[in-house]
Amino acid sequence: MTMLSVEDLVFVDEAGVNLGMTRRFGRALSGQRAYGTRPQQRGRNVSVIGTIALRGVVASIAIVGATDGLTFEAFIAQRLVPNL
C-alpha cells in the first residue's frame, strides 16, 4: 500500500434499505400511551452503490431491488469507469 498514491484510491460501498421500515416502539410521556400507524404493505427494497475518492463522490446509483453480480458489473462499466 505504501507504493500506491492516495489520489489513485477509490472506495466502493453498497447498502440497502426497505422503504416500508418503521419504528417498532414509540415514546410517550410518563403514564400515557403512545399511538401510531404503520404501513400494511411491506415496502420496496432499494440498493445504493457509491464510490468515493479523495476528490469526492465519483459515481453513485440507486436501484429498486437487490444488487447482484450483473448489476454491480454494469455499474462499474457504465458509471464508474467513465468517471475515473
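Presented here is an overview of the structure given in this document. No experiment lies behind these values; they were computed from the predicted model shown.

## Here's the deal with the nonpolar core
So, step 1. In terms of nonpolar packing, the biggest core is built from six residues, these being I49, A53, V58, A59, F75 and L80.
So, step 2. For this core, the secondary structure elements donating two or more residues are strand 2 (45-53), strand 3 (56-64) and helix 1 (69-83).
So, step 3. Every residue in contact with I49, bar those within four places of it in the chain, is listed here: V12, D13, E14, A59, S60, I61, T67, F72 and F75.

## A word on the sheet that holds strand 1 (residues 10-18)
Backbone hydrogen bonds are what pair the strands of a sheet, in a parallel or an antiparallel way.
So, step 1. Overall, antiparallel pairing links the three strands, which are arranged 1-2-3 in an open sheet. Strands with a single pairing partner mark the edges of an open sheet, and in this sheet they are strand 1 and strand 3. Each adjacent strand pair in this sheet contributes to an overall mean axis angle of 15 degrees, direction not counted.
So, step 2. Both strand 1 and strand 2 contribute to a ladder of nine bridges, which runs antiparallel. The residue bridging N18 from the neighbouring strand is N45, located in strand 2.
So, step 3. Sheet strands in contact with helix 1 are strand 1, strand 2 and strand 3, and its direction is about 150 degrees off that of strand 3.

## Side note on the side chain of S47
So, step 1. For S47, the location among the structural elements is in strand 2.
So, step 2. What makes S47 buried here is its relative accessible area of 5%.
So, step 3. A distance of 3.4 Å separates a polar atom in the side chain of S47 from a polar atom in the side chain of T67.
So, step 4. In this structure S47 touches E14, A15, G16, I61, A62, I63, G65, A66 and T67, once residues within four positions along its chain are discounted.

About the criteria used
- Residues numbered from 1 in each chain as written.
- Predicted model: local features only at pLDDT ≥ 70, side-chain atom pairs only at ≥ 80, totals over all residues.
- Heavy atoms only, no water.
- Core = buried A, V, L, I, M, F, W, Y, C linked by side-chain atoms within 4.5 Å.
- Buried < 20%, exposed > 50% of the residue type's maximum accessible area, 1.4 Å probe, protein only.
- Helix = DSSP H or I, 4+ residues; strand = E, 2+ residues; numbered from the N terminus.
- Contact = heavy atoms within 4.5 Å.
- Pairing = 2+ DSSP bridges.
- Axes fitted to C-alpha atoms, helices over the stretch in contact; angles between N-to-C directions.
- Polar contact = N/O pair within 3.5 Å; in protein donor to acceptor, adjacent residues only side chain to side chain.

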